[in-house]
Structures are given as C-alpha cells and as structure tokens.
Amino acid sequence: MERGLHIFEAMRGKYEIEPSAEHYACIVDLLGRSGSVDRAYEFIKRMPILVRGALLGSCKMIGNTKLGKIVIKKLFQLDPNDSSNHVMFSNMLASTGR
C-alpha cells in the first residue's frame, strides 16, 4: 500500500504528471482493499476529482456500512439518477444481512 501511495505522489512531485480520475480511483481502491477505508475517505475529501464509487465498493467489500452510508449520500446528491449507485448500496446492505 505504501509503495502505491509513494508512486502516486511521485507522479506529481517528481515527474510533474497530473493524475487522472483513474489514478485517483486506483488509490481509493488500494486503500479500501487494504482495509483503510477511513484513510480512503480522507483522501477523497481532499482530491479534486470525485471517485466516491470506488470507496463505496471498498466499503461493501469490508462491510463498513457506516462509511458506506456517508459515501452513498454524497453520490445520491451528485447524481440521484445513477442507478448503479442504488444497486451498489443495496448490495452493500444485503451483504451485511440488512
């Protein structure tokens, strides 16, 4: 995980490459899969591109419905008609028996 974060930071600092949405999504996924969803949430709050869907997927994977509810609320505000957000949230709740 730390190596991935180091490479991401080097994109900007060392190589002067502006990360794309896919890069941000990869970091959120990296943090989420390592169980650091709170750290991933802090990361997306500071970033210029919103990739909250990747964090919601990580919340589902590790069963963190508390953070998942915070993320989905923002996703619903950004695009209430995106049915994939509704499905992912429903699947997250179902995976925890709710």
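What counts and how
- Residues numbered from 1 in each chain as written.
- Predicted model: local features only at pLDDT ≥ 70, side-chain atom pairs only at ≥ 80, totals over all residues.
- Heavy atoms only, no water.
- Helix = DSSP H or I, 4+ residues; strand = E, 2+ residues; numbered from the N terminus.
- Contact = heavy atoms within 4.5 Å.
- Axes fitted to C-alpha atoms, helices over the stretch in contact; angles between N-to-C directions.
- Parallel < 35°, antiparallel > 145°, perpendicular 65-115°, else oblique.
- Left-handed = near helix turned anticlockwise from the far one by under 90°.
- Core = buried A, V, L, I, M, F, W, Y, C linked by side-chain atoms within 4.5 Å.
- Buried < 20%, exposed > 50% of the residue type's maximum accessible area, 1.4 Å probe, protein only.
- Nonpolar A, V, L, I, M, F, W, Y, C, P; charged D, E, K, R; others polar.

Visitor: How would you sum up the environment of Met-1? Please name residues and give values.
Guide: As for its placement among the helices and strands, Met-1 is situated in the segment before α1 (2–13). Apart from residues no more than four positions distant in its own chain, Met-1 is found in contact with Leu-30, Leu-31, Ser-34, Ser-36 and Arg-39.

Visitor: Before we move on, can you summarise the packing of helix α3 (residues 37–46) against helix α5 (residues 65–78) with the specific residues and values?
Guide: With their axes 11 Å apart at the nearest point, α3 and α5 run at an angle of 20 degrees to one another. Judged on the interaxial angle alone, α5 and α3 are roughly parallel. Relative to α5, the crossing made by α3 is left-handed. Across the interface between the two elements, Val-37, Asp-38 and Tyr-41 from α3 touch Leu-67, Ile-70 and Val-71 from α5.

Visitor: How would you summarise the nonpolar core if you had to cite specific residues and measurements?
Guide: If you look at the biggest cluster of nonpolar residues, it comprises 24 residues, and the most contacted ones within it are Val-28, Phe-43, Ile-44, Leu-55, Leu-67 and Val-71. Of all elements in the fold, only α1, α2 (21–33), α3, α4 (52–62), α5 and α6 (83–95) reach the threshold of two or more residues within this core. Per-element tally for this core: the top contributor is α3, with five residues. What Val-71 contacts, discounting residues up to four positions off in sequence, is Tyr-41, Arg-52, Leu-55 and Leu-56.

Visitor: Lay out the packing of α2 against α3 with the relevant residues and their values.
Guide: Where α2 meets α3, the closest approach of the two axes is 7 Å, and the angle between their N-to-C directions is 155 degrees. Comparing the axis directions of α2 and α3 gives the class roughly antiparallel. Handedness of the crossing formed by α2 with α3: right-handed. Together, Tyr-24, Ile-27, Val-28, Leu-31 and Gly-32 of α2 and Val-37, Arg-39, Ala-40, Phe-43 and Ile-44 of α3 make up the contact between the two elements. For the contact of α2 with α3, the per-class residue count stands at eight nonpolar, one polar and one charged.

Visitor: Before we move on, can you summarise the environment of Ala-40 with the specific residues and values?
Guide: Examined against the element boundaries, Ala-40 turns out to sit in helix α3. Looking at Ala-40, the relative accessible area reads 0%, which means it is buried. Along the primary structure Ala-40 and Ala-54 are separated by 14 residues, whereas in three dimensions their C-alpha atoms are 9.5 Å apart. If near-sequence neighbours (up to four positions away) are discounted, Ala-40 is found in contact with Val-28, Leu-31, Gly-32 and Leu-55.

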